[in-house]
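Architecture and fold: a report
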Amino acid sequence: MTDLKHDYDSQIEKIKAWLAAYDGPDISIMEVCGSHTAAISKYGISGLLSPRLHLISGPGCPVCVTPTAYIDRLIELSLEPDTTVVTFGDLIRVPGRECSLADARSEGAQIEMVYSPMDILRLAQEHRERRYVFAAVGFETTTPVYAMLLQQLQEQNIENVQLLTALKTMPAVISWLCENGSGIDGFLAPGHVAAVTGSGMFEPLAVKYGVPFGVAGFEAKELLLAVYGTFQSAVRCRERVMQADVRNYYPSVVSRDGNRLAQQMVDRYFDMADASWRGMGVIPASGRLLRPEYARFDAGSACLSEDHKKNQACRCDQVLMGRCLPGDCPLFGKVCTPLSPQGACMVSEEGSCHQYLMYHRTR
Amino acid sequence: MCVALPGKVIEIYERDALVDFSGNRVRAICGLVPIKVGDYVLVHAGCILQKLSTGEAQDMIRLFEEIEEA
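Residues numbered from 1 in each chain as written. Chains lettered and ligands numbered in written order. Predicted model: local features only at pLDDT ≥ 70, side-chain atom pairs only at ≥ 80, totals over all residues.

1. Some thoughts on the overall build of chain A
When you go through chain A residue by residue, the secondary structure sums to 14 helices and 11 strands. In terms of overall size, chain A behaves like a compact globule, its C-alpha atoms giving a radius of gyration of 21 Å where 363 residues would be expected to give roughly 21 Å. For chain A, the spread of C-alpha atoms along the three principal axes comes to 65 × 45 × 40 Å. Per-residue burial over chain A gives 56% buried out of 363 residues. Counting contacts in chain A only where the partners sit at least 6 residues apart, residues at least 24 apart contribute 76% of the total. (Helix = DSSP H or I, 4+ residues; strand = E, 2+ residues; numbered from the N terminus. Rg over C-alpha atoms; globule rule 2.2 N^0.38 Å. Buried ≥ 20, exposed ≤ 12 C-beta atoms within 10 Å, placed from the backbone. Contact = placed C-beta atoms within 7 Å.)

2. Things to note about the interface of chain A and chain B
Contact with chain A, which involves 43 residues of that partner, is made by 25 residues of chain B. Taken together, the elements giving at least two residues each to the side of chain A that touches chain B come down to helix H1 (2-21), helix H2 (34-42), helix H6 (143-155), helix H8 (191-197), helix H10 (220-238) and helix H11 (260-269) of chain A. For the side of chain A that touches chain B, the leading source of residues is H10(A), giving 6 residues. The class makeup of the residues in the side of chain A that touches chain B is 26 nonpolar, 12 polar and 5 charged. (Nonpolar A, V, L, I, M, F, W, Y, C, P; charged D, E, K, R; others polar.)

3. Here we look at the domain arrangement of chain A
Residue and element names in this part refer to chain A. In terms of domains, chain A is made up of domain 1 (1-314) and domain 2 (316-358). Between domain 1 and domain 2, the residue contacts involve 29 residues of the former and 22 residues of the latter. Of all elements in the fold, only H2 and strand E2 (53-57) reach the threshold of two or more residues within the side of domain 1 that touches domain 2. For the side of domain 1 that touches domain 2, the element with the most residues is H2, which contributes 5 residues. In terms of residue class, the side of domain 1 that touches domain 2 is made up of 15 nonpolar, 10 polar and 4 charged. (Domains from an automatic or database assignment.)

4. A word on the sheet that holds strand E5 (residues 131-138) of chain A
All names here are of chain A. Strand order across the open sheet formed by 6 strands is E4-E3-E5-E6-E11-E10, with mixed pairing between neighbours. Both outer strands of the open sheet, strand E4 (111-113) and strand E10 (270-277), are each paired with one neighbouring strand and no more. Averaged over all pairs of adjacent strands, the angle between their axes in this sheet comes to 30 degrees, without regard to strand direction. Two elements, strand E3 (residues 83-87) and E5, share 4 bridges in a ladder whose sense is parallel. (Pairing = 2+ DSSP bridges. Axes fitted to C-alpha atoms, helices over the stretch in contact; angles between N-to-C directions.)

5. Observations regarding the environment of Ala302(A)
All names here are of chain A. Along the polypeptide, Ala302 turns up in the loop between strand E11 (281-290) and helix H12 (316-320). A count of 12 C-beta atoms within 10 Å places Ala302 in the exposed class. Taking the C-alpha atoms as reference points, Ala302 and Ala273, 29 residues apart in sequence, are found 9.2 Å from one another.

6. Description of the pairing of strand E6 (residues 161-168) of chain A
For a regular strand, side-chain orientation follows a simple rule: the groups alternate between the two sheet faces. Residue and element names in this part refer to chain A. Across the 8 residues that make up E6, a large majority, 8, are buried. Judged by which residues are buried, E6 turns out to be covered on both faces: Val161, Leu163, Thr165 and Leu167 on one side and Gln162, Leu164, Ala166 and Lys168 on the other are all buried. Both E5 and E6 contribute to a ladder of 7 bridges, which runs parallel. Residue pairing in the sheet places Ala136 in a bridge with Thr165 of E6. Each parallel crossover has a hand, and for E5 linked through H6 to E6 it is right-handed. Taken together, the 2 bridges between E6 and E11 define a ladder with antiparallel strand orientation. By the bridge assignment, Lys168 is partnered in E11 with Gly287. (Right-handed = clockwise from strand over helix to strand, strands pointing away.)

Written as structure tokens, this is what we have:
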């Protein structure tokens, strides 16, 4: 065991030395997942990189990519006298066109925050006369949880619960980024999305766009290993000594096929659909909507694509696409702070702007 | 938002299971992956999403060696 630990520590030192000393052409890796952006900040990984290596955060925080029309619809629902909106805490301060859910609540709107969508079952059973609407945002990681909720609603004959969905999927938005010239040399693939979908989901993207993917976990050492491995792959792809592929640096959780049962549950309740992304517009087949036979569980999720900036100088859209860093926005840390967020990336704890500000990151 | 934590399955009930996160015990919905008492599982938003395979430390070292050899 001691030997194993010794091996491990010496390898970590080797990784750190390579990352710090790299002196080749500039390489940019996008971490798509908001939890990765948060972990990279927390562990100080960006501070270990040579000036030629760049980690840029992408559109993987579901709260940050939700358009204002969705927030406005939630507020509208929360103001109906017989309706309570139930949400994860992250969403509550995201600005809509006029105000946020938090503002609406201070005006008397009925809004409950929960840790799990399953908490809505208890609420709905205790108050059968009210309608409960869950703000169902999320990527492939969270969609199976909503599928499990729908199954429970059916099994327990609960009829006073609906979902307002803003569900997103990764492949189409990654394609969009590759096709819209963001200059990305590789991707750190989201580990908990891959836990559900399997790492195989990224293989066609690696082949089509010639960029490597490294599936990463969230603990300091496993994340560092994935960052190192993905930079190495990107350098080798640039030198044309390697074909772009998908490498799994999170094997304790991620397999090539993922969780088939979870995938089946998602397909049972949801169809692929076009989805609206803050700053990027509607991207075909980049999300999920409830299947027509489950329309009774839907609180009006289709066509919520409009998106309005609260502050015209806000650059959240450019940040989400990896085209600028949070510090390049004129509002960052001045008008826009976690206490008075002007854009969604400053609201969510996993938003790029929030992370860069809290950890004083400049790169 | 997609944060998921590994915990240990303590007891299994009809629809959910009791999962221990370093002493903090939480009930999580099961049904998306076959589990038994003692398994380490990944929990996201109150739902068990995946079972962890063992031998992680060895896996990490093997992965590092693979990068080096490539």
